[in-house]
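In case you want the letters, here they are:
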Amino acid sequence: MKYHVGVIAGDGIGPEITAEARKVLDKVGAVFGHQFDYEDILMGGCSIDAVGVPLTDEAIAQAKASDAVLMGSIGGNTATSPWYQLEPSKRPEAGLLKLRKSLQLFANLRPAYLYNELKEACPLKDDIIGDGFDMMIMRELTGGLYFGKRVTEVRDGLMTAEDTLTYNEEEIRRIAKRAFDIAGKRRKKVTSVDKANVIDSSRLWRKIVDETAKEYPDIAYEHMLVDNCAMQLVKDPKQFDVILTENMFGDILSDEASMLTGSIGMLPSASLNDTKFGLYEPSGGSAPDIAGKGIANPIATILSAAMMLRYSFDLDQEADAVEAAVKQVLRDGYRTIDIMPQQEDKKAGIKQIGTAQMGDMICERIVK
Ligand code: IPM
Ligand code: MG
């Protein structure tokens, strides 16, 4: 089969890590007999520099016309980059939010899985880690605080800022259904995370999740308050299978979960709508401090490409092959700097490699 992949390399480490994911897709193509062709799409700071805005209508049209989009990362150093002198709607992140909204990518899947080989990189104690953990964070991506009305103005002589957190029942229902569907293919447990003891949108969230759960009698589910969830993630991460939550809570909890896997450079993501289309990107940012040094971890982006194979192209065997190659490379002792063991006595048999070498090592291990 032939697949048309839009590529948003973006800013910072984005171009380096997407290059490795493309290498891996090409290797999958060679081994399994598929063809991937790529179309570069401008978004983020690089788009601001080139055409003055973070996302053009043309770029949206290019993304829509692709079978799926692979993305690196966008944005720069918020303290020093001139992009952050622009008004908020013209900054790099505004491009990403506009793309998510334009393509209706309401379901963001962020799997946090602890590889056995990376237990050393997990900041938790051994007795908490146990046999590791494997959870899927389902983050609602096109609603809530990110897309509500916002305003900054003087009220009663005081500078005042307001952001609005809005959800309607349909927005909650569609992401809840996705979460229960995915749990059905995993360990059959959904933890819905909210702040229903304080905010109305969470109370509606809880009501709609309760209704949705009735359609899935074989899936266990529970509600958890977001502050408790943040604590439970470090206290007992194995308890989680699917975490279902709204946009902002999911943003925060997924960064926390990523660190438990050893590094934010390990966490892939898929953003899906009601069609087979998806936007696939690592959960981490553009890491401007290490951009261009050839040391960024490309694994999250490569695993995002594996998610693309699985969710947009239904190529499960190919996705399995990529995931197996990542496991094998770790088993063989190769690490980028972010996942290198810290203590000297843990470094035996472990070799530090750069971004491109990691891509090559993974390609070498892709077999049918
Ligand atoms: C993420 C990022 C984005 C978000 C930023 C870059 C707007 O942190 O994908 O988690 O907050 O959604
Ligand atoms: Mg985030």
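Throughout, a residue's number is its position along its own chain's written sequence, starting from 1. Chains and ligands are labelled by the order in which they are written, letters from A for the one and numbers from 1 for the other. Local features are withheld for residues below a pLDDT of 70 in this predicted model, meaning they are given only at 70 or higher, and side-chain atom pairs are given and counted only at 80 or more; totals for whole chains, interfaces and linings count all residues. With hydrogens and water set aside, each side-chain value is computed from the structure's full complement of heavy atoms.

You'll find the protein entered in an unreviewed UniProt entry as 3-isopropylmalate dehydrogenase, with Eubacterium plexicaudatum ASF492 given as the organism. Its UniProt record, at the heading Pathway (unreviewed entry), says of the protein: "Amino-acid biosynthesis; L-leucine biosynthesis; L-leucine from 3-methyl-2-oxobutanoate: step 3/4." Among the UniProt annotations of the protein, the heading Subcellular location (unreviewed entry) holds the following wording: "Cytoplasm". UniProt positions are given in the numbering used here, feature names are shortened, and annotations may be inferred rather than shown by experiment.

Our focus in this paragraph is the overall build of the protein. The way it works is that DSSP assigns letters per residue, a run of H or I at least four long becomes a helix, a run of E at least two long becomes a strand, and they are numbered from the N terminus. Each helix and strand counted, the protein has 12 helices and 14 strands in total. Just to be clear, the radius of gyration here is over C-alpha atoms, and the globule rule we use is 2.2 Å times residues to the power 0.38. Whereas a compact globule of 368 residues would reach a radius of gyration of roughly 21 Å, the protein reaches 20 Å, a difference of no more than 12%. Remark: exposure states derive from per-residue accessible area (1.4 Å probe, protein chains only) relative to the maximum for the residue type, with buried under 20%, exposed over 50%, and partly exposed in between. When each of the 368 residues of the protein is scored for burial, the buried share is 53%. For the protein, the accessible surface area stands at approximately 15800 Å², while carbon and sulfur atoms represent 53% of it. Only the protein chains shown count as cover for residues, and all accessible areas are computed by the Shrake-Rupley method using a 1.4 Å probe.

This paragraph deals with the sheet that holds strand β9 (residues 220-225). Here 10 strands make up an open sheet; going across it, the order is β2-β1-β3-β12-β11-β4-β5-β10-β8-β9 and the pairing mixed. The open sheet terminates on both sides in strands that have one partner only, identified here as β2 (35-40) and β9. Each adjacent strand pair in this sheet contributes to an overall mean axis angle of 25 degrees, direction not counted. Across four bridges, strand β8 (residues 189-194) lies against strand β10 (residues 242-245) in parallel orientation. By definition, two strands form a pair when at least two bridges between them are found by DSSP. Angles here are taken between N-to-C directions and fall from 0 to 180 degrees, while the axes themselves are lines fitted to C-alpha atoms, restricted in helices to the stretch in contact.

Throughout this document, a residue counts as near a molecule or strand when at least one of its heavy atoms sits within 4 Å of that molecule or strand. In the vicinity of ligand 1, the residues found are E93, R100, R110, R139, Y146 and D251. Contact between ligand 1 and R139: an oxygen atom at 2.8 Å from a side-chain N or O atom of the residue. At 2.6 Å from an oxygen atom of ligand 1 is found a side-chain nitrogen or oxygen belonging to Y146. Contact with the protein chains hides 77% of the accessible area of ligand 1, taken as 320 Å² for the molecule alone. Tallied by class, the residues present in the shell around ligand 1 amount to one nonpolar, no polar and five charged. What marks off one domain from the next here is an automatic or database domain assignment. When residues of the shell around ligand 1 are assigned to domains, at least three map to each of domain 1 (1-115 + 262-367) and domain 2 (123-261). Polar contacts, as counted here, are pairs of nitrogen or oxygen atoms within 3.5 Å of one another; within protein the pair requires one atom able to donate a hydrogen and one able to accept it, and residues that are adjacent in sequence qualify only if both atoms are side-chain atoms. Amino acid classes used here: Ala, Val, Leu, Ile, Met, Phe, Trp, Tyr, Cys and Pro are nonpolar; Asp, Glu, Lys and Arg are charged; the rest, including Gly, are polar.

A pair of aromatic rings is counted whenever rings of Phe, Tyr or Trp (Trp by its six-membered ring) have centres within 6.5 Å, and the orientation is called stacked for planes under 30 degrees apart, edge-to-face for over 60 and tilted otherwise. Tallying each qualifying case throughout the model produces seven aromatic pairs. Ring geometry for Y113 versus Y115: centroids 4.8 Å apart, planes at 90 degrees, classification edge-to-face. A relative accessible area of 31% means that Y113 is categorised as partly exposed. Residues F180 and Y216 carry aromatic rings whose centres are separated by 5.1 Å and whose planes lie at 20 degrees to one another, so their mutual orientation is stacked. In this pair, F180 sits in helix α6 (residues 169-184) while Y216 sits in the loop between α7 (200-213) and β9, placing the two residues 36 residues apart along the sequence.

To continue, consider the pairing of β10. Neither face of β10 is exposed, since V242 and L244 on one face and I243 and T245 on the opposite face are all buried. Pairing analysis gives four bridges linking strand β5 (residues 134-140) to β10, with the strands arranged parallel. Paired with M136 across the strands is V242, a residue of β10.

Time to look at the nonpolar core. Grouped together as the largest cluster of nonpolar side chains are 85 residues, with contacts concentrated most on F36, L109, I299, L309, F313, L330 and I362. Whether two residues touch is decided by their heavy atoms; if any such pair falls within 4.5 Å, the residues are in contact. Beyond its immediate chain neighbours, meaning those up to four positions away, I299 contacts G265, M266, V326, L330, I339, M358 and I362. The nonpolar core is taken to be a set of buried Ala, Val, Leu, Ile, Met, Phe, Trp, Tyr and Cys residues, with the residues joined through side-chain atoms within 4.5 Å. One finds M43, I60, L96 and L105 within the second-largest nonpolar core, a separate group that totals 16 residues.

Below, the discussion takes up the domain arrangement of the protein. In terms of domain boundaries, the protein breaks down into domain 1 (1-115 + 262-367) and domain 2 (123-261). The C-alpha centroid of domain 2 is placed 23 Å from the C-alpha centroid of domain 1. Across the boundary between the two partners, domain 1 contributes 25 residues, which contact 26 residues of domain 2. In total, about 2400 Å² of surface goes out of reach between domain 1 and domain 2, with carbon and sulfur atoms giving 59% of it. Salt bridge, as applied in this entry: a Lys or Arg side-chain nitrogen positioned within 4 Å of an Asp or Glu carboxyl oxygen. Viewed at the interface, domain 2 and domain 1 are joined by one salt bridge. A salt bridge links R178 to D274, with the nearest nitrogen and oxygen atoms 3.7 Å apart. Contributions of two or more residues to the side of domain 1 that touches domain 2 are made by α4 (92-102), β4 (107-113) and β11 (270-272). If you tally residues by element for the side of domain 1 that touches domain 2, the top one is β4, at seven residues. Of the residues belonging to the side of domain 1 that touches domain 2, the class tally is 14 nonpolar, seven polar and four charged. Two parts placed together each lose some accessible area under a 1.4 Å probe, and adding up what both lose gives the buried area.

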